Amino acid sequence: MTAIDRILFGDNQFFGVNHMSEEKARAQQMRFRDTEAIISVLDRAYDRGIRSFMCTTHDEIGKIADYVAANPTKYEGFKFLPGMPYAHKYANMVGEMGMVDTLKALTPGGLVDAMVRGAKSTVTRDLNELMTMLVDAEMARFSQVDTPVVFLQNVVADMVLGLRSYDLLGAFAEHVKSQFGAEAGFFTMNMPLMVDALHSVGIEEPIVCCNYNKIGFRMSGGIEAYDRALAEKPMRCIAMSVLASGAIPPAEALEWVCERPGIESIVFGASSDANIASTVGLINDFDQRRLTPA
Amino acid sequence: MYRIGLVGVGKMGVSHLAIAQAHPKLDCVAVCDSQAFVLAGIRSQLGLETYRSFETMIAEANLDGVIISTPTSSHVTLAKQALVAGLAVFVEKPLTLSAADSQELAAIAAEHNLANQVGYHNRFIGTFRETQRLVEAGAIGEVHHIDGRAFGQVITQPQGGGRTWRAKKAEGGGCLHDYACHVIDLMNFVAGTPSEITGARLGQVHSTAVEDTVYALFNYPNGAVGTLETNWSDEAYRKMTTSVTVYGTHGKIFADRQECRLFLKPGHSFEKFDSGWNIRYITELQEPVSFYLRGEEYSAQLDHFAEALAGNPSPEAGTFATAADADWVVEQIAAVHASGPAPVATGAPATVEPPTKDQLVAAAKHYGAQAVGSAKALANAVGTKLKGLRS
């Protein structure tokens, strides 16, 4: 089983994503329009002991992967944990070109045409083939770097979950294992349901990344249901949105999440060395306190 | 458990299907689409009954309600068939391409007492709900201006949307029926329906067959003014970004997907809010949902559809009747634009023939000439001004 670091570094802050303020998102996007600015923040995180970068498959991240691959000694032990697909890219393409043309543009060969014609024999096999082609295309930029876990983004993972097409989640896990030697991870806004679904397709201790915060923001079913699932169901849980987009003060938010022993890892984003240092420091302190007998 | 049939497996159709299947009271048992390979996928992956014909589906699938997420031009026929068959109906926005059709659907739904709802999901976003509540409760006094906006990047190149229904006016493509109707329904939700559309311009950035921008000016029965600005060719926005600002005699409210900011003028307070800025975030204002996909509002609206099926509709959710009001505003905007002056190509020299007096009178009427007295006098003034500019 792949070891996942306790602290993971996220990338929302680099791409103008802020769930609470468009203004903050805009300011961040201006600051990080250059790849160098992102690399400089990653370097600060590396200096503070962070070795795992949980990222989207945004084009800009491809450049970062190239840079890290070109400087192996500087980034010894550095890992990418990519999450795919970068949904907005596809959503925009579907809006402009329609679903079928988008899929055609993204997959080489005549698979989609054959599917539309109904020429292929089994639809399930076609869908799996289509999925693997999309995954491979997204992974191309990461071929030179270490990717121990490959995630399915929540927009797709939760849609498949809602549709109860759980086999597709299993097929994703099998493909990233056989093709990239990686474990599959699943972002979700519906953790208890997702864990049950993953168990049902034979993933015994699924890696799930979900919101886990003191105010229950975007934790579908509520904090109690999440805590119960965490206690009773085998999983490897990564907590995200711990600060609920800034609605909870950092120390209070991190103390609350560190008190939950079932949470294996915490992902956070920060743009300054001071914020990186204080977040890492707080998590280490709270972990230390929990592990030290009173 | 209510048995639901869904027609139209596009971007919104798949989303509705996933949310309905995760819902404790909804069970989507049948799916209808025109594409055989889509139906084959639905059958093999999801194990649902599939139909090429909507009529056959509603005749055979023993349904309680339908979700209609097809291109807009087909909504009126499909919704009418479903209502006549006694089914509850949820339709993607906009309801239809004609206010008269929408009003007829609203009348049929009311006559048969059937649940009816349109996918205006902004009504289910906590920040917008709070704005509506504050305005209705009089927090900012008498409203004198409401401003609604939406920006995003749907069409970003000349052939954008070329082969999809979004690029075809007759099927309901264009920024007016796609982006603007969302904002119009939101403005109606917060401030009521305007009585008159006094100015409107539809513009093109990349498209040739449909509009990419919509600008309009409204009058409200109480004398308040509305301004609408939407642009779906704005790459500065990562995704559709909608906001509304309401100005009143005691203060103002700005709301978007993330925040609800209330400003109260000196000497005014409301509930727990003091004068000055009071900012609250979505993290505090959004009701949680049992299943989340793309945003709480998408689950919340189907939650409401289930409640409406059970006979407990909520007035905030909107109905075919409120959607018909939005369609009326859309129709008026198109009419005012069509009767206005022809657009002048960007950067082109002014070689057009001078407008006739009749055209100027018509144009002047649209720009509020009645309010200042004689339309003719204003037309003459505009004509003189234009002559001056040309010489």
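Note: the structure precedes this text.
Everything in this summary refers to the structure shown in the same document. (Residues numbered from 1 in each chain as written. Chains lettered and ligands numbered in written order. Predicted model: local features only at pLDDT ≥ 70, side-chain atom pairs only at ≥ 80, totals over all residues. Heavy atoms only, no water.)

### Thoughts on the overall build of chain A
What counts, and what does not: Secondary structure counts use DSSP, requiring at least four H or I residues in a row for a helix and at least two E residues in a row for a strand, with both numbered from the N terminus. A simple rule labels every residue: compare its accessible area, found with a 1.4 Å probe on the protein chains alone, to the largest value its type can have, and call it buried under 20%, exposed over 50%, or partly exposed in between. Contact between two residues is taken to exist if any of their heavy atoms lie within 4.5 Å; hydrogens are not considered.
Helix and strand counts for chain A come out as 13 helices and 8 strands. Every one of the 294 residues in chain A was classed for burial, and the buried ones make up 53%. Residue pairs in contact within chain A that sit at least 24 positions apart in sequence constitute 74% of those at least 6 positions apart.

### Some remarks on the overall build of chain B
Heads up, the rule is: All accessible areas in this document rest on Shrake-Rupley with a 1.4 Å probe, and a residue is counted as covered only by the protein chains that are shown.
Scanning chain B from terminus to terminus reveals 13 helices and 14 strands. Buried residues in chain B amount to 56% of all 391 residues. Within chain B, contacts between residues separated by at least 24 positions form 68% of all contacts whose residues are at least 6 apart in sequence. Per element, the accessible surface of chain B, about 16400 Å² overall, is 53% carbon and sulfur.

### Examining the side chain of T230 of chain B
Residue and element names in this part refer to chain B. One can find T230 in strand β10 (residues 225-231). For T230, a relative accessible area of 0% gives the class buried. Those residues in contact with T230 that sit more than four places away from it in its chain are A150, C175, Y179, A180, V183, D212, T213 and V214.

### Some points on the packing of helix α8 (residues 154-163) of chain A against helix α10 (residues 191-200) of chain A
All names here are of chain A. Heads up, the rule is: Lines fitted to the C-alpha atoms define the axes, with helices restricted to the stretch that makes contact. Angles between their N-to-C directions range from 0 to 180 degrees. With respect to orientation, any angle under 35 degrees is reported as roughly parallel, any angle over 145 as roughly antiparallel, any angle of 65 to 115 as roughly perpendicular, and every other angle as oblique.
Viewed as axis vectors pointing N to C, α8 and α10 meet at an angle of 70°, and their least axial separation amounts to 10 Å. By the angle class used here, α8 and α10 are roughly perpendicular. Where α8 abuts α10, its residues A157, D158 and L161 lie against L193, M194 and A197.

### Thoughts on the sheet that holds strand β11 (residues 241-248) of chain B
Residues and elements named next belong to chain B. Going by this rule: Any two strands between which DSSP finds at least two bridges are classified as paired.
On the basis of which strands lie adjacent, the open sheet formed by 8 strands has the order β8-β9-β10-β7-β11-β12-β13-β14 and mixed pairing. Each having just a single partner strand, β8 (196-203) and β14 (276-281) make up the two edges of the open sheet. Recorded for the sheet is a direction-independent mean angle of 10° between the axes of neighbouring strands. Across 7 bridges, the pairing between strand β7 (residues 143-151) and β10 is parallel. In the strand pairing of β10, H145 is matched with V225. Along the sheet face, helix α6 (residues 126-136) touches β7, β11, β12 (251-256), β13 (259-264) and β14 and points at about 160° away from the line of β12. Sheet strands in contact with helix α10 (residues 320-339) are β8, β9 (213-219) and β10, and its direction is about 70° off that of β8.

### Structural notes on the sheet that holds strand β4 (residues 65-68) of chain B
Residues and elements named next belong to chain B. Spatially, 6 strands are ordered β3-β2-β1-β4-β5-β6 in an open sheet, and the strand pairing comes out parallel. Because the sheet does not close on itself, it has two edges, and the strands there are β3 (49-51) and β6 (116-118). Here the strands of the sheet are splayed against their neighbours by 25° on average, with no regard to which way each runs. Sheet topology places β4 next to strand β5 (residues 88-91); 4 bridges connect them, and they run parallel. Its bridge partner lying in β5, G65 is registered against A88. Across the sheet, α10 is in contact with β5 and β6; its angle to β6 comes to roughly 40°.

### Examining the pairing of β5 of chain B
Put simply, the rule reads: With strands facing away from the observer, any crossover in which the path from the first strand over the helix to the second runs clockwise is taken as right-handed.
Here β5 of chain B shows two buried faces, one formed by A88 and F90 of chain B and the other by V89 and V91 of chain B. As a crossover connection, the stretch from β4 of chain B through helix α4 (residues 75-84) of chain B into β5 of chain B is right-handed.

### Let's talk about the packing of aromatic side chains
So the rule is basically this: Stacked, tilted and edge-to-face pairs are distinguished by plane angle, under 30 degrees for stacked and over 60 for edge-to-face with tilted covering the rest, among Phe, Tyr and Trp rings (Trp via its six-membered ring) whose centres lie within 6.5 Å.
For the structure shown, the criterion picks out 19 aromatic pairs over all chains. Centroid distance F151 of chain A to F187 of chain A: 5.1 Å. Interplanar angle 50°. Geometry classified as tilted. With F151 of chain A in strand β4 (residues 149-152) and F187 of chain A in strand β5 (residues 183-188), this pair connects stretches of sequence that are 36 residues apart. By relative accessible area, which is 0% here, F151 of chain A ends up buried. By relative accessible area, which is 10% here, F187 of chain A ends up buried. Consider the rings of F151 of chain B and Y237 of chain B, whose centres lie 5.3 Å apart with planes at 20°: the pair is stacked. Note that F151 of chain B is positioned in strand β7 and Y237 of chain B in the loop between β10 and β11, a separation of 86 residues in sequence. By relative accessible area, F151 of chain B is classed as buried at 12%. Here a set of aromatic residues connected by ring pairs shows up, and it is made of F9, F14, Y46, F53, Y67, Y75, F78, F80, F142 and F268 of chain A.

### Overview of the packing of helix α5 (residues 99-111) of chain B against α10 of chain B
Residue and element names in this part refer to chain B. To keep things clear, this is the line we draw: Three residue categories are used. Nonpolar comprises Ala, Val, Leu, Ile, Met, Phe, Trp, Tyr, Cys and Pro, charged comprises Asp, Glu, Lys and Arg, and polar comprises the others, including Gly.
At a minimum axis distance of 8 Å, the contact between α5 and α10 shows a crossing angle of 170°. In this view, α5 runs roughly antiparallel relative to α10, as classed from their interaxial angle. Listed contacts from α10 to A99, S102, Q103, L105, A106 and A109 of α5 are F320, A321, A324, D327, W328 and E331. Here the residues of the contact of α5 with α10 sort into 8 nonpolar, 2 polar and 2 charged.

### Considering the nonpolar core
Operational definition: Put simply, a nonpolar core is a bunch of buried Ala, Val, Leu, Ile, Met, Phe, Trp, Tyr and Cys residues held in one set by side-chain atoms that sit within 4.5 Å of each other. Domain start and stop positions are those given by an automatic or database domain assignment.
Formed by 190 residues in total, the largest nonpolar core has its most connected members in F9 and Y212 of chain A together with I333 of chain B. Considering each element in turn, this core owes the most residues, 11 residues, to helix α7 (residues 175-191) of chain B. When residues are assigned to domains, this core turns out to be shared by domain 1 (2-121 + 309-320) and domain 2 (123-294 + 330-335) of chain B, each giving three or more. When sequence neighbours within four positions are dropped, the list of residues in contact with I333 of chain B reads L176, I184, I197, A200, L202, V214, A216, F218 and L228 of chain B. If you look at the next biggest cluster of nonpolar residues, it comprises 18 residues, including L8, V149 and M189 of chain A together with A317 of chain B.

### Thoughts on α10 of chain B
Applicable threshold: Take the number of residues in a helix, subtract one, and multiply by 1.5 Å to get its expected span. A 3.5 Å cut-off defines polar contacts: any pair of N or O atoms within that distance qualifies, except that in protein one atom must be a possible hydrogen donor and the other a possible acceptor, and neighbouring residues in sequence count only when both atoms are side-chain atoms.
Here α10 of chain B contains 20 residues, and its C-alpha end-to-end distance of 28 Å stays within 8% of the 28 Å for a straight helix at 1.5 Å per residue. For α10 of chain B, the N-terminal cap is T319 of chain B; the gap from its side-chain oxygen to the backbone nitrogen of A321 of chain B is 3.1 Å.

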